[in-house]
Amino acid sequence: MIEIKKPAEIEKLRVANKMVAKTLDYLETLIKPGISLKELDKAAEDYILSLGAKPAFKGLYGFPGAICVSLNETCIHGIPDDRILKEGDIVSCDVGTFIDGYYGDAARTYGVGKISKKDEELIACSKDCLLNAISHIKDGMRFKELSKILEDFIRSRGFVPLEGFCGHGIGRKPHAEPEIPNYLHPNDSIKNGPKIKNGMVFCIEPMICQKDGRPKNLKGMWETASADGLNTAHYEHCVAIVNGRAEILSINE
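All of the points below concern the structure found in this document. (Residues numbered from 1 in each chain as written. Predicted model: local features only at pLDDT ≥ 70, side-chain atom pairs only at ≥ 80, totals over all residues. Heavy atoms only, no water.)

**A look at the packing of helix 3 (residues 117-136) against helix 4 (residues 143-156)**
Direction vectors running N to C along helix 3 and helix 4 enclose 145 degrees, while the axes themselves pass 9 Å from each other. Judged by the sense of rotation from one axis to the other, the crossing of helix 3 with helix 4 is right-handed. Along the contact surface, helix 3 presents C125, D128, C129, N132, A133 and H136, while helix 4 presents L146, I149, L150, F153 and I154. Of the residues in the contact of helix 3 with helix 4, the class split is eight nonpolar, two polar and one charged. (Axes fitted to C-alpha atoms, helices over the stretch in contact; angles between N-to-C directions. Helix = DSSP H or I, 4+ residues; strand = E, 2+ residues; numbered from the N terminus. Left-handed = near helix turned anticlockwise from the far one by under 90°. Contact = heavy atoms within 4.5 Å. Nonpolar A, V, L, I, M, F, W, Y, C, P; charged D, E, K, R; others polar.)

Structure, rendered in C-alpha cells:
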C-alpha cells in the first residue's frame, strides 16, 4: 500500500529534504581536483550533523559511508574511499538525512573541472529528464505512465536507463512503496498499476547509462555500473503531490 501523508507529515519531509539540498549545495563547493571521496563523505556527514539531522545512509543495510559517492562509471551506491578526484572526472553524490522521524533523499552529478562534451550531455540528460518528469506529474495518472515518460526522455537523448533499480516512496522509512523504474517493463502497460494521488511522497531518480543499461557490480554488493563500463549520471528529487501536482521538497528555498 502506498501511504498518503498528512500535511504536517509533508512539512516534516520538507525539512529533511531541504537539509539534503543544502548538503548537496555545500558539496558542490568542495568538488575539485585533489579531494578524496572519503573527504567528501566526512564533510557531508559533519555538515548534516551541524544542521541537527543524521546521515540516513550511514549503516543503512550495512552501507559503510555517510553518503553515496559514485565516481565516473559507477552510477549508484558508490563507496567513499581514498580515491582522489581529478580533472575531467564526474562524480554523483546521493545524500540522505533523518530528522524528527522522517527521511530526506536526493542526488546530483557534478563535473570535476573541465569535462568532456559527452559527459556534459550525460549529466544534462539526467537532470533534464528528472525535471521533465516532475512537470508531467498530476493527480490520477499512473506510476507506469511516469516510468514511460522517464524512459522516453532518456532514449530521446540517445542514452539508456540503468536496469534493475528505481525510485521509491519515502517517509518514516527511507524506502517504501511504490517502486518507480526509469523504464516500462516489457509487456507492461501504462494503463495498469497504482495511481498517483494527493498526499503521496516519493523520490524520482533517473540513472543514465550510455549504451548498455544492464547493471554490473564493481565493489561487492554496493557499487553499481553499467555493463558498457562507460561513465554514468544520476539525479534525484523527492516530491510531494499537493493540489494535484508534484512539488519538489529537495530544494534549498
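Still more to cover.
**Here we look at the sheet that holds strand 11 (residues 215-219)**
Strand order across the open sheet formed by three strands is 3-12-11, with antiparallel pairing between neighbours. The sheet is open, and its two borders are formed by strand 3 (74-76) and strand 11, each paired with just one other strand. Neighbour-to-neighbour, the strand axes of the sheet open up by a mean angle of 50 degrees, direction not taken into account. Relative to strand 12 (residues 223-226), strand 11 is paired through four bridges, and the arrangement is antiparallel. Note that in strand 12 the partner of N217 across the bridge is T224. (Pairing = 2+ DSSP bridges.)

**So, the pairing of strand 7 (residues 166-169)**
Sheet topology note: the strand 7/strand 8 (residues 176-181) ladder contains four bridges and is antiparallel. Paired with G169 across the two strands is A176, which belongs to strand 8. Here strand 7 folds back onto strand 8, and the loop between the two strands holds six residues. Two strands pair when backbone bridges link them, and strand 7 and strand 9 (residues 201-204) are joined in this way by two bridges, in the antiparallel orientation. When the bridges of strand 9 are listed, H168 appears paired with C203.

Geometry only, nothing functional implied.
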